[in-house]
Amino acid sequence: MVTYQASRQLDALGDPTRRAIFERIAKGPLAVVDIARTLPVSRPAVSQHLKVLKDAGLVTDTSEGTRRVYSIDQAGLAAVREYFDRFWDKALDAFRRTAEAIHAAEQGKRTTHKTCNNQRK
Amino acid sequence: MSSPETSVRKSVVVNTPIAHAFKVFTERFDSWWPRTHHIGKVEPYTAVMEAREGGRWFERGVDGSECDWGKVLVYSPPTRVAVSWHLDANYAYDPDPTKASRVEVTFHDEGNGKTRVELVHSQLDRHGAGWEKIRESVGSTGGWGGILEGFAKSAVA
């Protein structure tokens, strides 16, 4: 099931320049001028790409004085964190139970060897 | 490096000595790691975390094919192990190290045969491009949400 929003995001990231811009913003908030400096793309072109990324819900912008600063849409990041939060809860719970079960089994074996000395020959 | 916004922190106390906890986590990784879902095209046979720095972290299918998940970045028994997570939102391996997140696990002796295991999965923003996919798969009942429920049970059996 691909939602309308998801397919728009995939389309937005299908363009290599937009993907490069998105990856730079993923490392930390950036202004248009900062992005244009590190890519062989004009500032108006960067602005156009940012508009597509923003419309797709991938980045958000805030104004700092006369500059617009772009950062990753935190709703998306929250989804990733929630996913791994749940994943590790379950995985670590499985780890704990397995580690304890193996430990108990090894302890049990040791006890059996020590006490089982009355078997018939 | 591990800003709270882009990382997940977990802590669990295990009722075993520290050396045992470390050994099960690493050498016996296969005994607890969820295998109900996997990245290879065939059924997974085993899951391996190589016991050395620079080692691999992978699954081996029933036909012998191997699918990487990442690299062992730190291997320091019995207190610390770290691996890179190279899987994207589709659970496909992406070899680009700049798109990999990091899982760091430390083991702390709590006394009385108990060990506290702390896990930090950081640099999650590097998985940026696949967020919407992850949200979808978590949300659907046949997706990861449902699968994860199942493996906790199978690990105990």
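Residues numbered from 1 in each chain as written. Chains lettered and ligands numbered in written order. Predicted model: local features only at pLDDT ≥ 70, side-chain atom pairs only at ≥ 80, totals over all residues.

Right, let's talk about the overall build of chain A for a bit. Assigned secondary structure in chain A consists of five helices and three strands. Going residue by residue from the N terminus, the α and β elements of chain A occur as α-α-β-α-α-β-β-α. Taking all 121 residues of chain A together, 25% fall into the buried category. Long-range contacts, defined as pairs at least 24 residues apart, comprise 49% of the intrachain contacts of chain A with a sequence gap of at least 6. (Helix = DSSP H or I, 4+ residues; strand = E, 2+ residues; numbered from the N terminus. Buried ≥ 20, exposed ≤ 12 C-beta atoms within 10 Å, placed from the backbone. Contact = placed C-beta atoms within 7 Å.)

Helix and strand content of chain B: four helices and seven strands. Element order for chain B, N to C, with α for helix and β for strand: β-α-α-β-β-β-β-β-β-α-α. When each of the 157 residues of chain B is scored for burial, the buried share is 34%. Partitioning the intrachain contacts of chain B with sequence separation of at least 6 by distance along the chain shows that 42% fall at a separation of at least 24.

For chain A, the mean per-residue pLDDT works out to 79, and 78% of the residues sit at or above 70. For chain A, helix H1 (residues 4-14) of chain A is the element with the lowest average pLDDT, namely 60, and strand S1 (residues 30-31) of chain A is the one with the highest, namely 92. (pLDDT = per-residue confidence, 0-100.)

Residue and element names in this part refer to chain A. Locating Val59 in the fold gives a position in strand S2 (residues 59-64). Judged by the 24 C-beta atoms lying within 10 Å of it, Val59 falls in the buried class. The sequence separation of Val59 and Pro29 amounts to 30 residues, and the corresponding C-alpha distance is 9.7 Å. Those residues in contact with Val59 that lie beyond four places of it in its chain are Phe22, Ile25, Leu50, Leu53, Lys54, Tyr70, Ser71, Ile72 and Asp73.

On to the sheet that holds strand S3 (residues 67-72) of chain A. All names here are of chain A. Here we have three strands laid out as an open sheet, ordered S1-S3-S2, and antiparallel in their pairing. Bordering the open sheet on either side are S1 and S2, each of which pairs with just one other strand. Here two bridges tie S1 to S3, and the two strands are oriented antiparallel to one another. Residue Ala31 lies in a different strand from S3, and its bridge partner there is Val69. Helix-sheet contacts for helix H2 (residues 16-26) involve S1, S2 and S3, and the interaxial angle to S3 is about 85°. Across the sheet, helix H4 (residues 43-55) is in contact with S2 and S3; its angle to S2 comes to roughly 120°. (Pairing = 2+ DSSP bridges. Axes fitted to C-alpha atoms, helices over the stretch in contact; angles between N-to-C directions.)

All names here are of chain B. In the predicted model, chain B carries a mean pLDDT of 76, and 69% of its residues have values of at least 70. Scored below 50 in pLDDT, residues 134-157 makes 35 contacts in the model with residues more than four places away or belonging to other chains. Scored as a complex, the prediction yields pTM 0.63 and ipTM 0.73.

Residue and element names in this part refer to chain A. Structurally, Val32 is set in helix H3 (residues 32-37). A tally of 19 C-beta atoms within 10 Å means that Val32 is categorised as partly exposed. Sequence separation between Val32 and Arg67 is 35 residues, and the spatial gap between their C-alpha atoms is 7.9 Å. Contacts of Val32, omitting those with residues within four sequence positions, involve Arg43, Val46, Ser47, Leu50 and Arg68.

For H2(A), the full list of buried residues reads A:Arg18, A:Ile21, A:Phe22, A:Ile25 and A:Ala26. Here the buried residues of H2(A) occupy an arc of 140° about the axis, which is enough to place them on one side. (Arc of directions from axis to C-beta.)

Let us look at H4(A). What sets the pattern is the α-helix's 3.6 residues per turn: residues three or four places apart point alike. With 13 residues, H4(A) should cover 18 Å at 1.5 Å per step; its first-to-last C-alpha distance of 18 Å lies within 8% of that length. Just downstream of H4(A), A:Gly57 is the residue with a positive phi angle, here 80°. (Expected span 1.5 Å × (residues − 1).)

Attention now goes to the nonpolar core. If you look at the biggest cluster of nonpolar residues, it comprises 25 residues, and the most contacted ones within it are A:Phe95, B:Ala21, B:Phe25 and B:Val117. Where this core is concerned, the elements lending two or more residues are helix H5 (74-115) of chain A together with helix H1 (18-26), helix H2 (29-32), strand S5 (80-85) and strand S6 (101-111) of chain B. If sequence neighbours within four positions are ignored, B:Val117 has contacts with A:Leu92, B:Val12, B:Val14, B:Ala21, B:Val105 and B:Phe107. With 16 residues, the next largest nonpolar core counts A:Ala12, A:Phe22, A:Leu50 and A:Leu58 among its residues. (Core = buried A, V, L, I, M, F, W, Y, C linked by C-beta atoms within 7 Å.)

Glancing now at the packing of H2(A) against H4(A). All names here are of chain A. With their axes 10 Å apart at the nearest point, H2 and H4 run at an angle of 80° to one another. Taken together, the axes of H2 and H4 are roughly perpendicular relative to one another. Across the interface between the two elements, Thr17, Arg18, Ile21 and Phe22 from H2 touch Val46, His49, Leu50, Val52 and Leu53 from H4. When grouped by side-chain class, the residues that make up the contact of H2 with H4 number six nonpolar, two polar and one charged. (Parallel < 35°, antiparallel > 145°, perpendicular 65-115°, else oblique. Nonpolar A, V, L, I, M, F, W, Y, C, P; charged D, E, K, R; others polar.)

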